[in-house]
Structures are given as C-alpha cells and as structure tokens.
2 protein chains.
Amino acid sequence: MLNGRTPSVKDVAAAAGVSLGTVSNVMNRPEVVSARTRERVERAMAELGFVRNESARQLRAGTSRTLAYVMLDGTNPFFHDVAQGIENAAEDADLSLFICNSNSRSAREEVHLDRLLQQRVQGILITPVDPAAPHLDELSRRGVPLVIVDRVRGADSCCSVSVNDVLGGRIAVEHLAEQGHNRVAFVGGPDSLGQVGERLQGAREIWQSLGKDPDDLIYLPTEALTVAEGRSAGERLAGLPARRRPTAAFCANDLLALGLLQQSIGAGLRVPDDLAIVGFDDIEFAAAAAVPLTSVRQPRQELGRAAAQLVLDEATNPEHRHQQLQFQPELVARASTVSRGRAL
Amino acid sequence: MLNGRTPSVKDVAAAAGVSLGTVSNVMNRPEVVSARTRERVERAMAELGFVRNESARQLRAGTSRTLAYVMLDGTNPFFHDVAQGIENAAEDADLSLFICNSNSRSAREEVHLDRLLQQRVQGILITPVDPAAPHLDELSRRGVPLVIVDRVRGADSCCSVSVNDVLGGRIAVEHLAEQGHNRVAFVGGPDSLGQVGERLQGAREIWQSLGKDPDDLIYLPTEALTVAEGRSAGERLAGLPARRRPTAAFCANDLLALGLLQQSIGAGLRVPDDLAIVGFDDIEFAAAAAVPLTSVRQPRQELGRAAAQLVLDEATNPEHRHQQLQFQPELVARASTVSRGRAL
DNA sequence: AACGGCTATTGAAACATTTCAAGCATCGTC
DNA sequence: GACGATGCTTGAAATGTTTCAATAGCCGTT
C-alpha cells in the first residue's frame, strides 16, 4: 500500500486509525487534540518516517516559510556577515533563508528574483546592483515585502537599511587629518556605485571644512572594489611624482585597502609611516592583516538583522509603514594609521 | 473576478480563451502548441503578470528544481568558493541552490537537513560536522541523493568529493624541507577533524621518509581553524626555547596561517627568514596577505562543480553508482616560504 | 462520401496538504 | 431523562499545477 512511496498524511492517518484532519491538527494545533490520540499519531509518524511535504503545505496554506537574500558580491566577506545577521533573525522567526548571489550582474539578479517570485517567498532582502532598476519596482507593485540592504531607494517605495556613508567618509578622513596628513588619496570606484560616491562626498566635505586645499584630496578611481584593483591603485600611487604623492589613502572598502597594503609593503613602503591606510567595512580580515587595518566599521550583522525584522513586519503587520533605517558607522583605529608607540 | 489575487493558470486560460491544459503546454512543451495560440497565451500572461506557482508545480510534478548545500563554516571563504562552484553547475542545469550554514554545530545541521527534506530538494551536498553522524545515514536510507563534500564517509554508502589531504600534507612539508628547514611545526586542530588528522599524517610520513628526526616535527594543537587561533599558536611558538623553536610552520588551513603570519610579523619576526609559513586551501586572501602566503591549493570551485554533477547523476540516472572522487592538491609557492631573490 | 492519419486542444484526475462547518460523544445540570 | 455545553474528531472542499487519454478539426486518399 505504501510501496516505496514516501508516506503521506493519509498513510499516517491509516496507521494511527484516525482521519486526515486529525493528523493535520497534531502538526498545526496540537492543543485541540487529546493527549491519547496525539501520542498515537506521533508514534505512527515516527514509525513511518513521515516528513511533511512543504509544497503541499504552502500551496494550501498560501504562505511560505522562507525569506531570501540576494547578495551583491559573494567574494566580499562583508555580505556574508550581513547574511549571517539575516539568518539569525530568520532562525528566531522559524523561517528558512534562501541565499542568492548576483555577482554584480543585473541579468543574474533578475533571474534570481524571478525564481523567488515563483517560490512565493515571504519577503526579499536585496543589495541591488542598481537600486533604480525597474524590476525592483515590479516587486513592490506585486506587493512582495522588499527591503533594500546597504543602499537606499528614491521616495519611500520600500524599506531600506543602510549606513550613513557620508558620515563614514567624514570620520575616515578626519582621522587621517588628525594624524597630521595634508595630502590624502581617495581610492575607489566606479563612483556610480552609491557607496563610493557618498563616501567620497563625506571625505570632500570634511576636507573642506578643515580648511584644506581641495587639490590635496586626490581621487584615484578603480574599476571595482576588489583586492586586485587595490594593488593596481597602489602602483598608480607609486607612480605619482614625489611632491604630489599622498601620505595617506582612504579606500572605499577593505578589499581595496588590503590590496593597496599588500602592494605598498611589497614595494618597500612602511605602513603607516610612508603611507597610512584606512579601509571601510571592517571585515574580519582587516584586523588580521599583517599591518592591522584601520577601518570604518559598519554594524554588519546588525544591518542584516534589522533588515529581516523590517521585511517580517511588512509581511505580517497590515499597518506596516515603509522605513529608511540608517546606522552610524564607527572608526576602528589600528596600526595601519597609527604608528606603534605613538599616542593617538 | 481576479480581485487582487495573484493570477493563476486558470485566469490566463480565460483571458486567452483557451483551456488550462494549453496554458500548461505553453510553459512546458511549447513545441506541441501552434504558434498562433502560443502567442495569444503569452500575451495574456504578460498582461496579467502571471508567475507560475512553484509549489503547485512541484506538488503535481513531484520533482523540485533546487539543490542544497549545507556548508560547515560560513566564516571560511573556502566554503564560499566551493558553493560558487556548485552554484555554477546548478545554473547550468537550470536549478536553484539553497545555501545553509551549520556553523560547525551538529544540531543546526540537523535542523537544516530536516527542512530540506520537507522541501523535497532534488539532492543535498554537505560538508558535515561529523561524516559518521546517524542523520546522514537517515538521508541515504530515504533515498535522497547525497554527496559529501571535502570529506569521505565509510564504505560507499554515498558519493563524496574530496582532496587528497595526506598528499597535501606531504607536499607542504616536502617543500619546507627543500627550503632547508630541519625543524618544522604543524599547527592545527582539533585532530578529530578529518582534514587535520590527514594533513598531519602526510606531514609525518614525508618527514620520516626524508630521514628526519620525528621529534623535530612539532605538533602545535589549536582549538579551531580560525585566525584568532593562528595568532595564539604564534604566541606559543614564540614562547618555545630558542633551540627548540621551529624555523617553519605548516598550518592546517589558511586562516590559521594568516593569524600566525600576523602575530609573527607583529612580534618582529621576518617571514620567511625567521619563520617560513605554509597554509592550506589557497583562499583569495592568501595571495593578498602582506607577505603573500605559500599554500596548498585545493581546486575549490572544481570540488563544488564535481559534487553537483554527482548529485545530479544520482538524482536522474537510475544506474548511478556511488563514487568517491578525489582531487590532487598542488603547492603554490609564494613569499612566505621563499626569500625574495632566492631561487627555488 | 467515407476513412485514416495528423496535429492541436480539451477536460478531468491527481498531487499532499490545510481548513472549517458539521457531527459525535461525554458530561454535568436541572 | 432531556438539554446544553464542551471537547474531539471527521469529511469534504479547496489550493494551482501537470499529465494524459480522449476528442475535434483538418487534409489528403481512396
């Protein structure tokens, strides 16, 4: 009767001598069924090795038990920390988390979103390639709970969770100025990326308000936010004529900073004495670098957790209002900007 | 008639003036439906914004379109590279990939597996906390296609994909011996971890066959394979009396090696002149370290891709035989073992 | 005009669950 | 001993697809 099939509620019901509905009740509202039959049903389940079919459950109940996060760049540990924060929140709410990776490709992002729509996930968290992409509007229009992570989107068409990147740029450069640097490079790009633009803006603002010459804040553009690009920026830096060469660099993220650090040390520079370096994100490897990296810390896990809470609110609370949450970054000073034995 | 609901095949059929079955055919075997009606149906879908309900599809068709990977440690980039390899293979097969993370906790692993069973995923790839855990047998017994990644399991109860860790240990230590080191530390632990034990075994084998004194291969145990543990190992290393202190260290993975590297440089040692260091895995940050790290490379993405292919074979090919695939590791020599300007 | 062979479409059953109104005991109360 | 009330259990409908046997239409042959 069960020939090889994986057992269904029907089989359990038969084995326990009760009806379908009772088995379902045991799973979904155990309090309405008497202790005696509950126990009988549970034993039957265990004996048969019954595992509830989630597709059928979801089809009938109309509600799924999963959240999804579409991350921007799988090679950047920052996003994995964000994902971990989401996962923790999801675990608390007894939900599963689907993790996808767009690898910064808009087409791939769209494929993932389409599939998530088919899965009828409860909500989608995303760090988008382009926050203005029309396929994101599409989601809102469909009424899928949506939260933008680490970016913001025009108007309040949906929730977002981000970090004050302008402020991040300010504190990074302020720190360098305090250390006595008068010629500083900003390494990052492409500046069409929201974060890069804002971190640069913050850097320029504080530089100006400190009364420094704008020409002494040098923009060193990169093609991407990777270690390799950081190295290449280092080479360009070394190629500058000595009187124009900066004594410090503020990198738009830690991967760039690590690349720059590596290239500089390899070229015989002393860090921080010949070149001070500040990164952004404070990923785990920042502290673990051979010269521990000063960095602007974002509350990565917190970011993910907050985003998950927003998406759950949107999914469950009918009076939900879209919010733009913003966290404040914080400078973590380490050896890459502060000489050993030299007081702050 | 459609009041707010998300449209179903039925709505599409009505809008296009055809039957349910035809709409389904348009999606699943477009070749059997005439160009004219196909076009009509497709227009109706676009107008209504129809998105197929995957739960219903899966319930009826009995087959899901997802694979799952349960990774061991989300903080280790190695596993993300493996995941990327799986993802690529999944993409080629037009499947989605569910990524879970057990964070080395057996209980969490079990929760994930249970949920994946409920989802009726096509197959499960896993780097288990303990390859002998009974809940893995449970999966095999249920007939879920299963592949163990980066570990092996007794007998041929299921497929596995791994790297020859004994050989990895041999080539690492052989390389150090070639560089003239006569006193070498092995850093890693706990040695209940399969990889750690086998890498250590390989190290001991080659050490002996080179005719060196076993007492000069020093085992420095760690609690986990993390950067912090690497630093702590560095402190213990520094604490050894000079005549017993090794001139080289072979670390069971790159995170340990990076921690050791950082601690050593911070303590004023020159790498590789005072201490040569070899890691294992060749994660991206290995090459990017301030002293680029010599490491034993595992074909990480290849590992994932091969595992995905095995699981797909098991899922689709009735004549599938379990296989234990093993890749060979390869030494990547960099500055952490080879002095600049000194020929290999 | 009947027929056979195509191709394109249809209709109904099936998938495994949840939900809910209705039914059935059992019990205490008058 | 009738009556509600209470507490469990049941049976059937509903969810959105896919699948497949059956049918309808069409064309060319005889």
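Residues numbered from 1 in each chain as written. Chains lettered and ligands numbered in written order. Predicted model: local features only at pLDDT ≥ 70, side-chain atom pairs only at ≥ 80, totals over all residues. Heavy atoms only, no water.

1. Some thoughts on the packing of aromatic side chains
All names here are of chain B. Throughout the structure, instances matching the rule amount to 10 aromatic pairs over all chains. An angle of 75° between the planes, with centres 5.2 Å apart, marks the rings of Phe78 and Phe79 as edge-to-face. Taking the relative accessible area as the measure of exposure, Phe78 reaches 2% and is therefore buried. Residue Phe79 is classed as buried on the basis of its relative accessible area, which comes to 6%. (Phe/Tyr/Trp six-rings, centres within 6.5 Å; stacked < 30°, edge-to-face > 60°. Buried < 20%, exposed > 50% of the residue type's maximum accessible area, 1.4 Å probe, protein only.)

2. Comments concerning the UniProt feature "domain: HTH lacI-type" (unreviewed entry) in chain A
What UniProt calls "domain: HTH lacI-type" (unreviewed entry) maps, in this numbering, to residues 7–61 of chain A. For residues 7–61 of chain A, the helix share is 71%, the strand share is 0%, and the end-to-end C-alpha distance is 20 Å. (UniProt positions renumbered as here; feature names shortened; annotations may be inferred. Helix = DSSP H or I, 4+ residues; strand = E, 2+ residues; numbered from the N terminus.)

3. Points about the protein's contact with DNA strand C
Among the 25 residues in the neighbourhood of DNA strand C, the closest are listed as Val9(A), Ser19(B), Thr22(B), Thr37(B) and Arg60(B). Within 4 Å of the protein, the contacting atoms of DNA strand C are drawn from sugar and phosphate to the extent of 68%. A distance of 3.2 Å separates a phosphate oxygen of DNA strand C from a polar atom in the side chain of Asn28(A). For DNA strand C, a base nitrogen lies 2.8 Å from a polar atom in the side chain of Arg60(B). Counting residues per element, the ones that place at least two in the surface near DNA strand C are helix H2 (20–28) and helix H4 (54–61) of chain A together with helix H2 (20–28) and helix H4 (54–61) of chain B. Considered class by class, the residues forming the surface near DNA strand C number 10 nonpolar, 11 polar and 4 charged. (Near = heavy atom within 4 Å. Polar contact = N/O pair within 3.5 Å; in protein donor to acceptor, adjacent residues only side chain to side chain. Nonpolar A, V, L, I, M, F, W, Y, C, P; charged D, E, K, R; others polar.)

4. Concerning the nonpolar core
Grouped burial of nonpolar side chains is what soluble globular proteins tend to show. Tyr69(A) and Tyr69(B) are the most contacted members of the largest nonpolar core, which has 146 residues in total. Residue contacts for Tyr69(A): discarding those within four places in its chain leaves Phe79(A), Val82(A), Ala83(A), Ile86(A), Leu97(A), Phe98(A), Ile99(A), Cys100(A), Leu125(A), Ile126(A), Thr127(A) and Val149(A). The next biggest cluster of nonpolar side chains, apart from the first, holds 34 residues, and it includes Leu113(A), Leu117(B), Leu136(B) and Val144(B). (Core = buried A, V, L, I, M, F, W, Y, C linked by side-chain atoms within 4.5 Å. Contact = heavy atoms within 4.5 Å.)

5. Section: the sheet that holds strand E12 (residues 330–332) of chain A
Residue and element names in this part refer to chain A. With mixed pairing, 6 strands are arranged side by side in an open sheet as E7-E6-E8-E9-E10-E12. Unpaired on one side and paired on the other, strand E7 (217–221) and E12 mark the two borders of the sheet. Direction aside, neighbouring strands of the sheet carry axes that sit 20° apart on average. The pairing of strand E9 (residues 276–281) with strand E10 (residues 294–297) spans 4 bridges and is parallel. The partner of Gly279 across the bridge, within E10, is Ser295. (Pairing = 2+ DSSP bridges. Axes fitted to C-alpha atoms, helices over the stretch in contact; angles between N-to-C directions.)

6. Description of the protein's contact with DNA strand D
Lining the immediate environment of DNA strand D, one finds 25 residues, of which Ser19(A), Thr22(A), Thr37(A), Arg60(A) and Val9(B) sit closest. Sugar plus phosphate, as a fraction of atoms of DNA strand D within 4 Å of the protein: 66%. A distance of 2.8 Å separates a phosphate oxygen of DNA strand D from a polar side-chain atom of Thr22(A). Thr37(A) is positioned such that a nitrogen or oxygen atom in its side chain is 2.9 Å from a phosphate oxygen of DNA strand D.

7. A look at the interface of chain B and chain A
Contacts between the two partners involve 51 residues from chain B, matched on the other side by 50 residues from chain A. Carbon and sulfur atoms supply 48% of the area that chain B and chain A bury against each other, a total of about 4,300 Å² over both sides. Counting the contacts that link chain B with chain A gives 6 salt bridges. Across the salt bridge formed by Arg115(A) and Asp94(B), the nearest N and O atoms sit 3.7 Å from each other. Elements that contribute at least two residues to the side of chain B that touches chain A include exactly H4, helix H5 (77–92), strand E2 (96–101), helix H6 (106–119), helix H10 (227–239), helix H11 (254–266) and helix H12 (284–288) of chain B. Ranked by the residues each element gives to the side of chain B that touches chain A, the list is headed by H6(B), at 6 residues. (Buried area = accessible area lost by both parts, 1.4 Å probe. Salt bridge = Lys/Arg side-chain N within 4 Å of Asp/Glu carboxyl O.)

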